Structure formats: C-alpha cells, structure tokens
Amino acid sequence: MPSESTPLLHRHHTAMDAREVQRQRVATMVILLVLTLERLAYYALVTNFFLFLNKGPWEGPQAWNSLDAMNAVFVLAGVSYISALLGGYISDAWLGRFRTMVMGFLMYILGYILLTLMAIDKLPRAICGSGASFSDSPDIEDPSPPSSPCRAAVYISVTIVGLGVGTVKSNIAPFGAEQLNTANPQRTRTFFNWFYWCINLGSLVGVGVISYIEQDSPGVCKNGFFCGYLIATVCLVIALTIFVAVYPCYYIAPPEGSVLGNIARIIWEALCAMVKQCRYGRSENDQSPLHVEPRFLDRAKIRYGGSFHESAVDDVRALGKLLSVFTALIPYWLVYFQMETSFQAQGLHMRFSIHGGNGTNSTLDHASMYNEVGVSKFSVPAAWLTLFNQLFLIGAIPLLTTFLYPVMDRAGIRLSMLFRIGIGMVFSILAVMTAGGLESYRVFLWRTDNSSHIEQIVGNVTYNGVDISIFWQIPQYVLVGAAEFFASIAGLEFAYSAAPRTFQGMIMGLFYTMEGVGSLLGTSLLWLVSPFWLNNTTDFGNINENHLDFYLYFLGVLQFTTFLIYCGSLYMQRFSLRPIAMPRSRRRRRVGVVTGGARGAAGSPLIPDDLAEEDGEDIDDDEDENDEETEGDDRLSHHGNSQVLL
C-alpha cells in the first residue's frame, strides 16, 4: 500500500505546486499591469502639469507664472511621496495592503475627475472663480496680470491625487513581492527588476503619448489637457477594476498592528537608562575590565536591564540605519525632480521645432512658409525629452539584469546596494552640472546675440527662446536615467530587503516619503534663492533674465557634498571600533594597551592575550554580538564568498 499511495501523493503535491505557481503568476502579472496603468496616469499629470498651469486652461492671458507653477508641481510630488508613509502605516496597522490600495485608487480617481473638469472650466465658481473673469469681462482692461487663478481648486485637486498616489505607491511593491511567498532573493530581485521596468513603461506611454496630446491637441481633440486627463482617468478606472477582479488569486497578509508604540517605548527606555547611568554611574557588575559598553538602544534589551526582547530592539536599530540612508538620498531626489520643473522651463526657452530658423519672429515666418508649400511643421513637446530617460532605463534594466550582473557574479564581484546608491549620486552630479552648463550657454546667447532670439507659441502662451535645439537636453536626461538606475532601484531594494517584517509597509512608505521631503525642500529652496537668481517676475514664463544655471550649479555642489559625507560614513561604519568600558581605577593604565592592540580591520584583536585569558566569558558575549552584527551587515550588502564592493 505505501508504494501505491506514494505516487498518488506525489501527483497531488505536484498539482498543488502547479496551482500555486499559476496563482503567483496571475497575481504578479496583474499587479505589474496595474502598476503600469497607475504610472501612466501619474506621469501624464506630473510631466506636463507645469505647462498646464503656465499656459492656463482658461481663455485669456497667461495664468500662472513660472515660479508659482514650479511650486505647484513640487507640492503635487511632495504630497504624493509624503503621504506614502501614512499609507504604509494604515496598511500595516489597520486595513492591510489590498483594502488600503483600493482606498488609494478611489482618491486617485476623484482627484483626476476634478482636474478633468478644471481643464474645460466646469468647476464651481466657489473654488474656481478667478478664471472665469478672463472670458466673462473681455472689455475690461486690467493692467495687472492675473495671479494664479483657480488656486484653491488646483491645490485641492493635487492634494487628493497626491494622497491617492502615496497610498498606492507605498503598498503595491510589498504587496506584489508577498505574492511570491518565498524567501528566495533571486526571485525577489527579478520581481523588483520587472517592477521598475513597468514603472518606466507606464511613464513612457504617459509622457510620449498623453503629453503630446495635452500639448499639441491633435486630430479631433480640441482641448489637449481635457483629452489627456480623461484618458488617464479611464486608465485608473480600468486598473482598479482589474485589481479587484483578481482578488481570489491574491495572498492577503493580515495587518500586523501598530508598532509605533513599541518604537517609542524602546527609545524612551533606552534614553532613561542612559540618563540614569550618567547620573549614578555604572553598577558593580559592570566593573569588569572587559565589559563592553552597550550602545544606546541596547540599554532597552533584557540582558542590559531593559524590558524588550533582542529582536524588537534590533528592528528599531534597523529602522535607524534605513533612515540614515534615506536621508542621504534627499539631494539626489532634489536633482531627480528637476526633470519636471527646471529642465522643462529650460526646454520651453529653446527651439523645440524640428525645422529651425533665425530671427525674432522666425516661428511665425516659418509657419507661413510651411503652409505655402503644404509641409506641416512638427514641434517636439518639451516633456518628450524625459522619454530618453525612460528609454534608457527600459533598455538598460534587462541588459544589466540578464547579462552584466550574471557576468560579474561569475567573476566573484557583486555591487552592494549601498555601493550602487553611491554610483547613482555620481551620475546625479554629472546630470545637474551638464544642465547648468547648457543653461549658461543659452543665457549667454540670449544676452549677446539678438539674432538667436525666437518666439514660440505653446497653446496661448508665447515663449521667448534661443535658437538652440531642445535635443541638447538629451545628455542631462540620460544621466538622470543612469542615476535612477543605480540609486532608485538600489534604494527600493534596500528598503524592502532590510526592513523588518513587522513594519515593512511603513518602511516602504518612509522611502517614498523621503522623496517627498526632497520635493518639498525643492520648493523651499526655490523661494530661498528666487530673490537672488530667479527674481524676474515681470515677464511670466520667461527665465531669460534669471540665473537658473546658478540654481542648478548649487544643486550639484549640494549633491557632491552629500556624496562625500555618504562615503565617509560608510568608511567609518565599516572600520569603526566598539568602545570597551574600563573601570575608573584602571582606565588610565589600560587604555593605551587596549587601543594599541587594535589594527583597524574587521575581526582584528582589540584586547591583549593576557586580558583575554583573564575574563573569557565577556569575550564570548562580545563575539556573539559581533557575529550578529556581521550577519546583518552581510545580509544588507549581499556578502558571501564573493567580493563585495561597499
């Protein structure tokens, strides 16, 4: 009988495994499709939102000036990323990832409906009344230009959209990884590679197709922004429908409950223990010459007199390490968000027509010439330059994942996540410095060569530019793409793999929140430097009399300084020595011996042999603790038998 039942049991397990594999495949493919549609909608908005406000969706003169439009884009991006922390906390503590994502999609769609109505001026006058005065009273001359009409409606809409974006963003990555239901790092890495690839595929369609519709209003679409926002809204509705329809295939992890209380109590208990030691000194049990001074959070552990288990305290310490890395990425995000703000402002003042020309009125003259010969003139949307960023990533991610990384693995060389983040910072410096150099040359031509001046009309706004092809911006977009490939992907992988399971959603939200901090700091930085470098507000939308190049150079210097601090902190973290607390009566006699025995490398002896024989128990405890630290560091840096570049 056993011999007959064994094949049946084997076939039963095989069938179960096949169904599980099918379930995982369907769930992950649907999540990646939903991600693609969501990113399409997001980039269709954020990429051209500067132009939407700068040209105005209403009939009449230009609506928002460049500085206010930049700040509105920063607010949209900032709320989107900062709300990710709230979305991660809600999913971890109360609702779970699935229900939290459904709630986020509903807010997302509501905000997009408001923007779609705004594009055709159908919002109630109570929140969007200033735009109506442009067309209702055409005979009344107002010597002062309009100041940001529909301000309340714009900020309400972008806040709702931002909350939806952040809620979805913080949960879709860990929810997709949970469907694999495996601890295999290779499968997890493969998922995240395709995850980031889908992000760029969605942004490619959003920028390449929908932004073109928004800017040029082709075919039957007379109002480009209305058509573009309507298409994005439909995509979000389809994404939500598909996401909910495949509910039976998902693996749903229950919420873990709030961990913020434990985090606060651990920090408070460690602080109280440290204050108590400073006031009363160490106990007699701590007078051993080899006693290892506990670190700050270790004072909350049970073995050091606290009331928390080792793993709970270690989870909080991991949160501190993650936060330090996320903070170092803030200047990188400042540069990254320039693609939606200053890079576009720069591109709108360059020649984005395929057919160039000279002269102040060259655009109008060439338009009449092309009409005579029956040739249509094609203008490159300013937002299309970000396509080179997406195309670079779409091509580079599969290439490096399937070819370069395996070759390096076989050669015994692995780039750790922290090392890749550093490489991304270097590319970020090169990108913003390249943009600054191009802007300096553009402004130089504007001020010294009147024959290079051109006028270009986008919608109902005339931009005074320089006869330099907008394609000269390609290098800075490609360099941002290279920085994104290393820093963004490594940061996302680091946030997921190094986060404790108990608050993984909150950590993922924290990662995106730091992006939002970078966006909002960009807003503050604009207001800080505007009196010096961006003080020309008499000609709305015109940056020719400003010093945008100084602003870009400043970002490059800030990123370079952060890169140096980042490298220094990694070096100190790798080669730092644990302090050994000596008794007061022996400290002066022993300190020279102990520090003299250190050789400055991991695993080097810090204590002479005679002291080691004197108290071997403390050494064993110290070695066990160091082994735990080494194991955690190895997990974060992919350390194995191969060479790891930190």
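The shown structure was predicted, so the numbers you read here are calculated from the model rather than taken from an experiment. (Residues numbered from 1 in each chain as written. Predicted model: local features only at pLDDT ≥ 70, side-chain atom pairs only at ≥ 80, totals over all residues. Heavy atoms only, no water.)

A word on the overall build of the protein
Phase 1 of the analysis: Of regular secondary structure, the protein possesses 21 helices and five strands.
Phase 2 of the analysis: A total of 646 residues make up the protein; the buried ones form 52% of that total.
Phase 3 of the analysis: Partitioning the intrachain contacts of the protein with sequence separation of at least 6 by distance along the chain shows that 82% fall at a separation of at least 24.
Phase 4 of the analysis: Of the roughly 29200 Å² of accessible surface on the protein, 63% is carried by carbon and sulfur atoms. (Helix = DSSP H or I, 4+ residues; strand = E, 2+ residues; numbered from the N terminus. Buried < 20%, exposed > 50% of the residue type's maximum accessible area, 1.4 Å probe, protein only. Contact = heavy atoms within 4.5 Å. Areas by Shrake-Rupley, 256 points an atom, 1.4 Å probe, with all protein chains shown as cover.)

A closer look at the side chain of R23
Phase 1 of the analysis: Tracing the chain through its elements places R23 in helix α1 (residues 2-46).
Phase 2 of the analysis: Engagement of the side chain of R23 in a polar contact is seen with the side chain of E20, the distance being 2.9 Å.
Phase 3 of the analysis: A polar side-chain atom of R23 sits 3.0 Å from the main-chain carbonyl oxygen of Q179.
Phase 4 of the analysis: Here R23 is in contact with Q179, C249, Y250 and Y251, once residues within four sequence places are set aside. (Polar contact = N/O pair within 3.5 Å; in protein donor to acceptor, adjacent residues only side chain to side chain.)

A short note on the packing of helix α16 (residues 474-497) against helix α17 (residues 504-533)
Phase 1 of the analysis: At their nearest, the axes of α16 and α17 sit 9 Å apart, and the two run at 155° to each other. Here α16 lies roughly antiparallel to α17, going by the angle between them. In terms of crossing hand, the pair formed by α16 and α17 is right-handed. The segment α16 lies against α17, with S488, G491, L492, A495 and Y496 engaging Q504, I507, M508, F511 and Y512.
Phase 2 of the analysis: Its residues assigned to classes, the contact of α16 with α17 shows seven nonpolar, three polar and no charged. (Axes fitted to C-alpha atoms, helices over the stretch in contact; angles between N-to-C directions. Parallel < 35°, antiparallel > 145°, perpendicular 65-115°, else oblique. Left-handed = near helix turned anticlockwise from the far one by under 90°. Nonpolar A, V, L, I, M, F, W, Y, C, P; charged D, E, K, R; others polar.)

A look at the packing of aromatic side chains
Phase 1 of the analysis: Under the counting rule described, the total for this entry stands at 31 aromatic pairs.
Phase 2 of the analysis: With centroids separated by 5.1 Å and ring planes inclined at 85°, the aromatic side chains of F485 and F486 adopt a geometry described as edge-to-face.
Phase 3 of the analysis: Residue placement shows K169 over the ring face of Y42; its charged tip is 5.8 Å from the ring centre.
Phase 4 of the analysis: Here K169 stacks its cationic end above the ring of Y512, 4.8 Å away from the centre of that ring. (Phe/Tyr/Trp six-rings, centres within 6.5 Å; stacked < 30°, edge-to-face > 60°. Lys NZ or Arg CZ within 6 Å of the ring centre and 35° of its normal.)

Quick look at the confidence of the model for the protein
Phase 1 of the analysis: Of all residues in the protein, 73% attain a pLDDT of 70 or more, and the chain-wide mean is 75.
Phase 2 of the analysis: Segment residues 131-146 is flagged for pLDDT under 50; beyond a separation of four residues in sequence, or across chains, it makes 13 contacts in the model.
Phase 3 of the analysis: Confidence over residues 357-376 falls short of pLDDT 50; this stretch has 25 contacts with residues more than four positions distant or in other chains. (pLDDT = per-residue confidence, 0-100.)

With respect to the pattern of salt bridges
Phase 1 of the analysis: As enumerated under the stated definition, the model contains twelve salt bridges in all.
Phase 2 of the analysis: Across the salt bridge formed by D92 and R97, the nearest N and O atoms sit 3.5 Å from each other.
Phase 3 of the analysis: Taking the relative accessible area as the measure of exposure, D92 reaches 6% and is therefore buried.
Phase 4 of the analysis: A single salt-bridge network, built from bridges that share partners, covers D298, K301, E310, D314 and R317. (Salt bridge = Lys/Arg side-chain N within 4 Å of Asp/Glu carboxyl O.)

Here we look at α17
Phase 1 of the analysis: Helix length check: α17 (30 residues) gives 42 Å between terminal C-alpha atoms against 44 Å at 1.5 Å per residue, within 8%.
Phase 2 of the analysis: W527 marks the point of greatest bend in α17, at about 30°, and the proline P531 comes within the next four residues.
Phase 3 of the analysis: Taking burial as the measure, the 30 residues of α17 include 21 buried ones, the bulk of the element. (Expected span 1.5 Å × (residues − 1). Bend = angle between axes of the 7 residues up to and from the residue.)

Some points on a nonpolar patch on the surface
Phase 1 of the analysis: Together, I267, W268, L271, V275 and F296 line one region of the surface with nonpolar side chains, adding up to about 450 Å² of accessible area.
Phase 2 of the analysis: Examined against the element boundaries, W268 turns out to sit in helix α9 (residues 260-280).
Phase 3 of the analysis: Looking at W268, the relative accessible area reads 58%, which means it is exposed. (Patch = residues over 30% accessible without salt bridge, like charges linked within 9 Å, V, L, I, M, F, W, Y side chains within 5 Å.)

Quick word on the packing of helix α6 (residues 151-178) against α17
Phase 1 of the analysis: The contact between α6 and α17 brings their axes to 8 Å, and the two run at 130°. Our classification of the angle between α6 and α17 gives oblique. Crossing geometry of α6 relative to α17 is assigned as right-handed. Contacts between α6 and α17 pair K169, S170, A173 and P174 from the former with G505, M508, G509 and Y512 from the latter.
Phase 2 of the analysis: Considered class by class, the residues forming the contact of α6 with α17 number four nonpolar, three polar and one charged.

Quick look at the nonpolar core
Phase 1 of the analysis: Counting 156 residues, the largest nonpolar core has F49, Y112, F195, Y229, Y250, F326 and Y551 as its most contacted members.
Phase 2 of the analysis: The biggest single contributor to this core is α1, with 14 residues.
Phase 3 of the analysis: Sequence-distant contacts of Y229, defined by excluding residues within four places in its chain, comprise A44, L45, F49, F52, Y112, L115, T116, A119 and E214.
Phase 4 of the analysis: Ranked by size, the runner-up nonpolar core spans six residues in total, among them L438, L445, W446 and I468. (Core = buried A, V, L, I, M, F, W, Y, C linked by side-chain atoms within 4.5 Å.)

Things to note about the environment of V205
Phase 1 of the analysis: With respect to the helices and strands, V205 occurs in helix α7 (residues 185-216).
Phase 2 of the analysis: Not counting chain neighbours up to four residues away, the residues in contact with V205 comprise L40 and I210.

Examining the environment of A239
Phase 1 of the analysis: Examined against the element boundaries, A239 turns out to sit in helix α8 (residues 224-245).
Phase 2 of the analysis: For A239, a relative accessible area of 0% corresponds to the buried category.
Phase 3 of the analysis: Sequence-distant contacts of A239, defined by excluding residues within four places in its chain, comprise V34, L37 and F105.

Description of the side chain of T116
Phase 1 of the analysis: Inspection of the secondary structure puts T116 in helix α4 (residues 97-119).
Phase 2 of the analysis: Discounting residues that sit within four places of it in the chain, T116 has contacts with F226, Y229, L230 and T233.

Here we look at α9
Phase 1 of the analysis: Compared with an ideal rise of 1.5 Å per residue, which puts 21 residues at 30 Å, α9 spans 30 Å between its outermost C-alpha atoms and is within 8% of the ideal.
Phase 2 of the analysis: Buried within α9 are the following residues: I263, I266 and A270. The buried residues of α9 occupy an angular sector of 70° when the element is viewed end-on, so they sit on one face. Relative to its buried face, α9 has exposed residues pointing more than 90 degrees away, namely W268, K276, R279 and Y280.
Phase 3 of the analysis: Where α9 is buried, its residues meet α10 (310-328) and α17. (Arc of directions from axis to C-beta.)

Some points on the environment of A482
Phase 1 of the analysis: With respect to the helices, strands and loops of the structure, A482 is situated in helix α16.
Phase 2 of the analysis: Classification of A482 by relative accessible area gives buried; the value is 7%.
Phase 3 of the analysis: Once the C-alpha coordinates of A482 and I423 are considered, the two residues, 59 residues apart in sequence, prove to be 9.0 Å apart.
Phase 4 of the analysis: When sequence neighbours within four positions are dropped, the list of residues in contact with A482 reads F392 and F427.

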